[in-house]
Structures are given as C-alpha cells and as structure tokens.
Amino acid sequence: MAYSVMKFVFNIPFLEIARMNKSFFSFLLLLGLVCLPAMAQELDSIPAGPESLARRQTAEKIAGDFFAKNGQKALDMEDDAITAALLDEFSARAALRATPVGELKSIKECEVQAAKNRAAEIEKRYPILTQKELEKLAVEKYPLYQPKEKITVNYFNRNAPTSVTGVYYGTQGAYVRVGSARIHLDDVARLEGNEEEVLKLDPRATGELREKYQRDLSVKTITSRQNYEKDNREKFLKEAIREAGIANEAAGYIFLDGEWYSPKDALAIIVGKQREAYVADQQAKETLRQMRQVAALDAQFKGVVTRAQLTPVNARINPEEVLKAQQLAAQKAAEEKAAAEEAEAERKRAEAQAAAEREEQARQKKLAAERAAQQKLEQENAPEVQVNHLARNLIIGLVALFVLGIVIFFIWHQIKVKRDKEIFTKFFEGEGQVQKDFWGKADADPEHFKYVAYMFPGLKEATEALTHLTYISTGGNGQLKCSKPLEFGVYPHQNGAVAFVGGSKFHYAPWREATAVLPELPGAVYFKVSTEPEVLLDLPAAEEGLPIENLGYEDIEDNNGAGFARCYKYRTDNREHAIAFLEKFNVNEEGIIIHVETPDGVFGKDENGIFTV
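The sections below set out a description of the structure shown in this document. For clarity, every value in this text was computed on a predicted model and none was experimentally measured.

Analysis parameters
Residues numbered from 1 in each chain as written. Predicted model: local features only at pLDDT ≥ 70, side-chain atom pairs only at ≥ 80, totals over all residues. Heavy atoms only, no water. Pairing = 2+ DSSP bridges. Helix = DSSP H or I, 4+ residues; strand = E, 2+ residues; numbered from the N terminus. Axes fitted to C-alpha atoms, helices over the stretch in contact; angles between N-to-C directions. Contact = heavy atoms within 4.5 Å. 1 Å grid on protein atoms, 1.4 Å probe; cavity = no way out; pocket = protein on both sides within 12 Å on 5 of 7 lines; lining within 4 Å. Points joined across faces, edges and corners; volume = space filled by probe spheres on them. Nonpolar A, V, L, I, M, F, W, Y, C, P; charged D, E, K, R; others polar. Salt bridge = Lys/Arg side-chain N within 4 Å of Asp/Glu carboxyl O. Buried < 20%, exposed > 50% of the residue type's maximum accessible area, 1.4 Å probe, protein only.

Topic: the sheet that holds strand β12 (residues 525-529)
Sheets are built from strands that pair by backbone hydrogen bonding, the pairs being arranged parallel or antiparallel.
Step number 1: Spatially, the 4 strands line up as an open sheet ordered β10-β11-β7-β12, and their pairing is antiparallel. Two strands bound the open sheet, and with one partner strand each, they are β10 (487-493) and β12. Ignoring strand direction, the axes of neighbouring strands in this sheet form an average angle of 20 degrees.
Step number 2: As paired elements, strand β7 (residues 450-456) and β12 share 4 bridges and run antiparallel to each other. By the bridge assignment for β12, alanine 453 is matched with lysine 528.
Step number 3: Sheet strands touched by helix α11 (residues 203-251): β7, β10 and β12. Its angle to β12, the strand with the most contacts, is close to 105 degrees.

What about empty space enclosed by the protein?
Step number 1: Enumeration according to the criterion identifies 1 cavity of 30 Å³ or more in this entry.
Step number 2: Volume-wise, the largest cavity comes out at about 30 Å³.
Step number 3: Around the largest cavity, the lining residues are Ile122, Arg225, Gln226, Glu229, Val525 and Tyr526.
Step number 4: Listed by contribution, the elements that provide at least two residues to the lining of the largest cavity are α11 and β12.
Step number 5: Ranked by the residues each element gives to the lining of the largest cavity, the list is headed by α11, at 3 residues.
Step number 6: When its residues are assigned to classes, the lining of the largest cavity shows 3 nonpolar, 1 polar and 2 charged.

Re the pattern of salt bridges
Step number 1: Enumeration over the complete set of coordinates arrives at 27 salt bridges.
Step number 2: For arginine 225, the salt bridge identified is with glutamate 123, shortest N-O distance 3.2 Å. Of this pair, arginine 225 sits in helix α11 while glutamate 123 is found in helix α7 (residues 107-125), placing the two residues 102 residues apart along the sequence.
Step number 3: Residue classification places glutamate 123 among the partly exposed residues on the basis of a relative accessible area of 25%.
Step number 4: The partner of lysine 273 in a salt bridge is aspartate 257, with the nearest N and O atoms 2.4 Å apart. Within this pair, whereas lysine 273 is found in helix α12 (residues 263-310), its partner aspartate 257 is found in the loop between β5 (254-256) and β6 (259-261), the two being separated by 16 residues in sequence.
Step number 5: Of the residues examined, lysine 273 reaches a relative accessible area of 39% and is grouped as partly exposed.
Step number 6: Residue classification places aspartate 257 among the exposed residues on the basis of a relative accessible area of 55%.

Here is the structure:
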C-alpha cells in the first residue's frame, strides 16, 4: 500500500500545485486532517414502534396468570405446550394474528426507502433544468433588443444626455441604428447607469452572460442537491426506520429484547421468563415460610430457657423441656445453615449463567467481526504489492502520507477539471445525442421506461461504476457491453460524469441491483432514479381443494454474485399440491423465483421451469 501511495504522489504535476494559492493548499490540508477520523454508526435492527410494549405486557399477564392458577401442573408442562395453549387467547387480547401478514422490514430496505424519499424531495426542491428551461431563464435575465422592435435609446450627444425613439435595425460595427439615427455605442455607454441598455444592444456580450448564467445556475442546482442529500441523509433514514418499526408491528410482529418475533415466538420467550419468575417467587415464599418457622422455634426455645432461669431454688427443672429446647436450637442452626448454603449456591448459579451469557455475546461479536473482515477481503480487487525495504520504512509515516494523499487528490481533481473543460464544452455543443435520446424516451413513457442514473467525479469513474453491475462488462476493445436489451452509457455533466442504465425492458432484478450497487461506489452522487418496475408476474389465486398459504415475498442477493432476485414464498401440505400450483402459471421475467414449502421439501419455479431446492 505504501508503494502505491508513493507512486501516486510522485506522478502528480507539482508545477501545477506550485501555481495554486497557498491559503487554498493550507485549507485542503486542514480539511484532510479533520475528515480523517470520521466514523459512521449503523443500526443493527429496526427499533420498536408504539405497540410492542403493550403486546409484551399482555403476554406477560396471560403467562403469569397461567402459572399462578396451575402451579406445579404448569411447571410440569413444556414451554411449547403452554405457548400453544395460550396463543389463541394472546392473539385475541392483543388483536394479533398467530402468523404475521407480511415480511419484516430490514435496515437495508429502510436505506433504499430513505434514498427514494430523499430523491423525491430533492427532485421537488431542486429539479434539474433542461437546456430549453435554462435558455429561457437566461433570456429573461439578460434580454436583447430584437430587429424591427420599437425602442428608446438614451445616450450622450455632444456631451448632453439625449434620447431617441424608433424602430431598431440592429448594430453595424460600432454603431446602432434606431429609426433614421446612427448612434455610436460608446455614446450609449458614457451615460451613467446605462449598463443594461448597452447589453441589450450587444449580442456578443449578452450571449456570454447568458452562457455564464446557465453554467452557474446548473452548478448551483447540482450543489444544492448534493448539499441537501448530505445534510438530510440521517433525517430521512431515521424517518424510514421509524416507519419500518410501525410497519413491522402493523404486520403482526413484536419487538422483544432487541429482536423482532412473530406472536408465537414472542409468547414462547415470555412463557420461559414467566416460568423463571414463578419459580423464583415460589422459592422466595418457601424461604420466608422457613424463616418464620425458625423464628417460632426460636421463641419457644427462649421461653423454655427463661422459665428455667426463673424456677425457684427449691424447685426442680423439667429435664424433658430442657432436652426439647436443645433439640429446637440444633434444628434452628441446621435450617439456618441449609438456607445459607442454598443462597450461596443460587448466587453461584446466577454468576455462572451471567458469565456464560457474556461469553456467548463475545463469541457472537467475534464471529460478526470475522464475517465482516472476510467480506471486505473478498471485495478487494487490487493485487497485492510486495513491500520492499524502502516501503517498509515508509509504513511508519503511513498516516501522514494518507492525509497528504487526500490533499493531493483534491488538487489533482481541480487540475483535471480545467483540462477537461474544452471536452466538456464541445460535448454540450451537439455531441450528446445518446443521453438526449435516453432522457427523451424516459420523459415520453415514464410508466414503462425505467432507469437508474448516478453522478461520479469523471468519465473513467462513471464507466468503471457500470462494470460493477453483473450484466455490464468491458469487451476486448475496451467498450462497454450489456448482456440484456438495455440502454446504457456515460456522459460528462457539470464538473463530473453521469452513468446511466435503463430501458423499457429494465425489469425489477436489474433495476434493484443498480439501485443497490451504484450508490455504494466511491464518489457516487444521486442524479435521477425512476420508480420501481412492476414485476411481470400474474400469480393465480389459491383454488378450492388446493390449500396454498401465501407467505409474502423477499428480496435476496445471490451469494455467487449473480445479482438480485425477488422470491415469492408459499406453503402447502404435500409435493403434489406444490407441483400443481407451480404448473398453473409461467415465469417470464429473469430474477423472479417462486418457492413452495412442503413437508417433502421446497419446490421452486423460475424462467427455466420447475426445480427442487
């Protein structure tokens, strides 16, 4: 890595850096130092909505009453049996179904929804103006007098302010013709406060101002969109997560101990906890009873001793009472010792259980860290570089080199923008037919023409971004090619480049992959994303005599890196019913899968036909 950093540093044109303002260089260095330790915190799960607490309390009340009413009989039953016995009552009192009616919302879905909501708000607040709209605003900002238009021109005539009204015939060299008068443009400019009038008579200067206004307005729009996205990313994500918690509860799930559960699973956990609470309560009552019994025996013993002490000298102590008092004292001592031993054993059991739970949590965290490290390792495509003797010495100053690399990257980017300006200008003079056709089709048929477009720092980054999609690759001639009938490409825009892909056959699976992959790439900035394509699948209703239960659907990512798919899930009682159900319809879209769960296994169907999972 150190070798790569040094190679990058020594290839920067330092003569260009030397020409830059010193204060700007210092600002970039400070910016690199401030941004270096920035860290992001991610949530592990969707938090609870407003209903989970009430549902949990209802379950605790039902389970607690069951143990209190049935006592030892309840303790002899298994948790699963108690859960089955209480499930209907719990579902009725909590207004729940035993089986949730939808799939759980995940953090990833919240991020996608937040991105959609944020994109819609950005489009509403800061829409991307078309070239015609920009030109119209520029004309309104900087108007020009048109030939044969009747105008009034104020100017100096022999050092005295004069005005003339007449038909405008345009400019001829340094003069302007209004009616029969020929007025020198310098005389118009000499009049104080006449700058706007001069511009209305100067097509060249006004044209330049119009072009600058369009560029500045486009840059301002993009900057506003980027700033709004950055400043409100967390806000939209929090709102999406809050709505997901409410949606999970509306679907019938319960948030318990940091996880989401179905009513049946949540009730089973609470039954186990209520069993432990009931046992602890009974043990406490028994301990109290024993303590009271010991206190009573102690009182009896003290009574005997007192009577013995108060017996007159000539009276005779009853040896039977003395013996009984001694037995009571011995019994009391034994019971106190047993109670102390039981309390000590209970304490040790609690400590052992807590230690086991801490060990399990540590193990789970270690496994999660190992999985994250493995995924990161698999995603790294850069070849390993053997570190020579000089590189090993430079590792000591790696942090300083990293900061310097950030600063130099910003400087290099500024230089690149200047060098690409000519190409950028030529493109907008008429070489952008590909994207014009693409966006024209998108505007003409938004219901069927779907698309995903993101901005990147340059054409190279935008091109490489498209190759991260499983259906777009680079051919032998270095050109992009697509395995699907889609329209795609890159084009310069403002100070960066746009990567786009879409079409009327841009189905759900490739659209879902593009919306998940492109925004995660380095330098990606939201540009424009269509609504989700409608899945082309006509699922039949469950017919009488064919018991099919709809379990909803799930968006899944192929572990082999083949993209994304949507899986519709069903359940039935045997293999024959599953096959009969799958034969009733055709899957004619890539990335759509049907699964039917049976006691004999899972049977599926996709565009290639029926298969066994």
